[in-house]
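Descriptive analysis of the structure
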Amino acid sequence: MLLLILALTWGSSFILMHRGLVDGQDKPVFTPAQVAALRLSMAGLVLLPISIGAIRKVKREDWKWIAVVGIVGSGIPAFLFTNAQSHLQSGITGILNSLTPLFTLVVGFFLFNKKFVGAQVLGVVLGFVGAALLIATKHMDGENDWPYALLVVLATLSYGISVNIIPSRLIHMNSLHISALSLLFTSIPCGIYVAYSGALQVPAHNPAGWASLGYIAILACMGTAVATILYFRLAKDTGALFASSVAYLMPLVAVGWGVADGERITMKHLGCAAIILAGVYLVNSRKKPAG
């Protein structure tokens, strides 16, 4: 049930980012950096009461891991995704986000001494082939936006690092405290940026400003604060790989919202998505590694 709720919440975040960036006529409202900074600062503010109460309960050796989770798991991806979303369709971004379980496995192998089985190796290869085809398909369609697709790939790598840290280094901590404190690390500098970037003046000068700010607020509360808590809870209770399998369902939600918003999703895109998800399926193989 948590996995389903998380998929619906995170799968909707791509269209919310899009609506924070542009109005109904696709005219710019907030810049990508402003959307990311607003998202993180609002999320940190929502969880501030929890952060204040949790600070005294954290062991000194845990702070470095909390900081890494906040910066790598929330801060960096937020800015990468909004920059990518300024050029990519929500559905395409959601499909590429499916690479998260693949990077979770690869990072776990190289940095956390996790083991592969043969089917998982094949899954990693298959998933990356699907992503490469998807990026190449968009480029061959005459759209010069493949560098922005690579930003999404880099964001999923960041997620793969972060989600491995939770069960490996912070398993003893309350998932709510991890969420609140990790977001606190990113929300403070982002709040300062919001104050000096002119983001607070946008609603006063742009008729669509309040509507876009509302979408960003929903994104911050649900797509960041609530979703981060759910994700970390899943990672602690079930392991990094199962938690990252939310990527099975997120593309369906993201593509659905994209189609409803008038985006053009072709059979080539869906075919590439099928290849990636086939790789994710193999990566989530439940067979125990040999030896």
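Residues numbered from 1 in each chain as written. Predicted model: local features only at pLDDT ≥ 70, side-chain atom pairs only at ≥ 80, totals over all residues. Heavy atoms only, no water.

**A closer look at the packing of helix 3 (residues 32-46) against helix 10 (residues 175-197)**
In contact at an axis separation of 7 Å, helix 3 and helix 10 are set at 130° when each is read in the N-to-C sense. Comparing the axis directions of helix 3 and helix 10 gives the class oblique. Seen along the crossing, helix 3 lies across helix 10 with a hand that is left-handed. Along the contact surface, helix 3 presents Ala33, Gln34, Ala37, Leu38, Leu40, Ser41, Ala43 and Gly44, while helix 10 presents Leu183, Thr186, Ser187, Cys190, Gly191, Tyr193, Val194 and Ser197. Split into classes, the residues belonging to the contact of helix 3 with helix 10 amount to nine nonpolar, seven polar and no charged. (Axes fitted to C-alpha atoms, helices over the stretch in contact; angles between N-to-C directions. Helix = DSSP H or I, 4+ residues; strand = E, 2+ residues; numbered from the N terminus. Parallel < 35°, antiparallel > 145°, perpendicular 65-115°, else oblique. Left-handed = near helix turned anticlockwise from the far one by under 90°. Contact = heavy atoms within 4.5 Å. Nonpolar A, V, L, I, M, F, W, Y, C, P; charged D, E, K, R; others polar.)

**Considering the pattern of salt bridges**
Counted by the stated rule, this structure contains one salt bridge. With a closest N to O distance of 2.7 Å, Arg19 and Asp261 form a salt bridge. Of the two residues, Arg19 sits in helix 2 (residues 13-21) while Asp261 sits in the loop between helix 14 (250-260) and helix 15 (267-283), which places them 242 residues apart along the sequence. Relative accessible area serves as the criterion here: at 15%, Arg19 is assigned to the buried category. (Salt bridge = Lys/Arg side-chain N within 4 Å of Asp/Glu carboxyl O. Buried < 20%, exposed > 50% of the residue type's maximum accessible area, 1.4 Å probe, protein only.)

**Re the packing of aromatic side chains**
In total, this model carries six aromatic pairs according to the counting rule given. Among the aromatic residues, those joined into a cluster by ring pairs are Trp10, Phe14, Phe81 and Tyr159. For the cation-ring pair, Arg169 lies above Trp65, with the distance from its terminal atom to the ring centre recorded as 5.3 Å. (Phe/Tyr/Trp six-rings, centres within 6.5 Å; stacked < 30°, edge-to-face > 60°. Lys NZ or Arg CZ within 6 Å of the ring centre and 35° of its normal.)

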